[in-house]
Amino acid sequence: MNQVLYLTYDGILEPLGYSQILSYLKSLSNNNKITIISIEKKQDLQNIDHLNKIKNILSEFKIDWKYFIYKQNKFGKLFLLSNIILNTYFLILQKKINIVHSRSYVMGLIAYLLNFIISFSHIFDIRGFWIEERVEWGLWKKKSLKYIFFKYFENKIYNKSKIIVTLTKDAKKILLNKKLTNLNNSNIYVIPTSVELNKNKNLYTIKDPIKFMHLGALGSRYDFHMYLKITSKVLKQRNIFLSIINKGEHNKVKYLLNKHNINSKNYEIKYVSPYFINDEIKKCNFGIFFPVKGFYLNAYFPTKLGEFLSNGIPIITCSINNHVNSIIKENNIGVIIDDLDNFNFKKFYDEINKLLNDIHIRERCINTAKKYFDIESANKIYSEIYRSLN
C-alpha cells in the first residue's frame, strides 16, 4: 500500500476543497494510506458543525489530516511556509511517505525542494497556469519578485516531477512544447475537474421567471460585470431572476447589482453549503460565468461546468480553450459568446430560447457530465498513476 502525502494550499473546509480534494481522496484511500496537509482559514475553522462533518468523513475513510492556519501578512506567510516545509519533512520520514501529491505551485515548490534531500515520487497536479493567473487577474506584476521567483522554479518543478497532472489538453500541448528533458507524452496526464454525479434526474420544465445562476466567488477571476451586463439586457426582454450563490462577498455583489440598476425583486444572494449545492443548482435554468481573458485559460477547466451539467443545467460562458469549447459545442449543452465586447444580442437571445424549449437539454447535459466529468473515471486514472509509482 502506498503512503501518500497530499499537499494543498486550498483548505479542505472550503467548498472547492470539499468538491475537488476530498471527493477524490475518499475513493483513493481504499488502496492507499493518505495524509493531507492543508491551509485553512480561521473563519472556516470556526464553523464547528462543518468542521466536525469533515473530520467524520476523514475518520470514516481513515485519512489523516494536519492543517495550518492561513496568514495574510507577508511575514506571517513566510513563517507559515517555513513551518509547512519543516513539518512536511518530518512527516515524510515518520510515515515513510513514498508519494507526495502536490496541488498547485506553492506546494509543488515545497515538494520539489524536499525531493533533493528525501527520496519520493512527486505528482505535480498543476490545476492551472498559476503564475500567469496571478498576473492576468491583476494580483502580481511581471516585474515583481514573486513573479520572477516562481518563473525561475517553474520549469525546474516540471522537470523533476515524476508525473504532471493538468486539467486540459491545451495545457498538455504547451507543456510538451517546452521540450524539457523529463517531460513526455506518457508522464503528463489530463484529468478535467470532475464531480460526484447527481443520481437524481430532473425533468425539464420552463420556469417563469427564467433563473440565471452565478456559482462561487467573484474575486478577480470572473468578469461579473459582464454577467450583469448580459442578464440586465435579457431582463428587458423577458422576466428573469438572478441567483448568486457566493460566500463572503455579498456586500460587493449587492453594490454591483445596484450599479447595474437591477431591482432587488429580480435577484437573490446567498451562501449554500457544499452538502446542499446540487439541490440549489437544480432550481435554475442556466449556469453563467465569464472567466477573465488571458493565457492562463489554456490550462483552465471550470469546476462549475461539471457541477451544472451533472444537474442537467446548460451553461452560458465565453470562449475558454479548445478543450472546453469543443465539449460545449459538440454536445450542444450551452451557449459560447465568442466576442464579449461585440456580441450579437439577438443571436444570443435566440440561442437561449432554443435551449429553453429543447425537451432533451437536461438529459444531454447529464449524459455529457457522465462522459467527461464523472469523478469515478477521474479516480481510475489517479489510481493507475498511484499504482505505477508503487
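Our subject is the structure that appears above.
Here goes a summary of the coordinates provided. (Residues numbered from 1 in each chain as written. Predicted model: local features only at pLDDT ≥ 70, side-chain atom pairs only at ≥ 80, totals over all residues. Heavy atoms only, no water.)

1. Quick word on the side chain of Gln 20
Inference 1: Looking at where Gln 20 falls in the secondary structure, it is placed in helix α1 (residues 15-28).
Inference 2: Only 3.2 Å separates the side chain of Gln 20 from the side chain of Tyr 24, close enough to count as a polar contact.
Inference 3: Gln 20 has contacts with Tyr 6, Arg 103, Arg 127, Thr 193, Ser 194 and Thr 303, leaving out every residue within four places of it along the chain. (Helix = DSSP H or I, 4+ residues; strand = E, 2+ residues; numbered from the N terminus. Polar contact = N/O pair within 3.5 Å; in protein donor to acceptor, adjacent residues only side chain to side chain. Contact = heavy atoms within 4.5 Å.)

2. Some words on the packing of aromatic side chains
Inference 1: Scanning all chains against the criterion turns up 27 aromatic pairs.
Inference 2: Note on Tyr 105 and Phe 124: the rings are 5.4 Å apart at their centroids and 70 degrees apart in plane angle, and the pair reads as edge-to-face. Pair noted here: Tyr 105 is in helix α5 (residues 105-114) and Phe 124 is in strand β5 (residues 121-125), with a separation of 19 residues, a long-range link.
Inference 3: Judged by relative accessible area, Tyr 105 falls into the buried class, the value being 1%.
Inference 4: The class of Phe 124 is buried, set by a relative accessible area of 0%.
Inference 5: Residues Phe 345 and Phe 348 carry aromatic rings whose centres are separated by 6.2 Å and whose planes lie at 45 degrees to one another, so their mutual orientation is tilted. Of this pair, Phe 345 and Phe 348 both sit in helix α14 (residues 345-356), separated by three residues, roughly a single helical turn. (Phe/Tyr/Trp six-rings, centres within 6.5 Å; stacked < 30°, edge-to-face > 60°. Buried < 20%, exposed > 50% of the residue type's maximum accessible area, 1.4 Å probe, protein only.)

3. Examining the sheet that holds strand β11 (residues 286-288)
Inference 1: Pairing within the open sheet is parallel, and its six strands lie in the order β10-β9-β8-β11-β12-β13. Strand pairing shows two members of the sheet lacking a second neighbour, β10 (267-270) and β13 (334-337), which therefore form its edges. Mean inter-strand twist for the sheet, computed between neighbouring axes without regard to direction, equals 20 degrees.
Inference 2: Bridge analysis of strand β9 (residues 240-245) against β10 gives four bridges, and the strand direction is parallel. Across the sheet, the residue bridging to Ile 245 is Lys 270, located in β10.
Inference 3: Strands β8 (210-215), β9, β11 and β13 of the sheet are contacted by helix α9 (residues 224-235), whose axis makes an angle of about 160 degrees with β9.
Inference 4: Sheet strands in contact with helix α10 (residues 250-259) are β9 and β10, and its direction is about 165 degrees off that of β10. (Pairing = 2+ DSSP bridges. Axes fitted to C-alpha atoms, helices over the stretch in contact; angles between N-to-C directions.)

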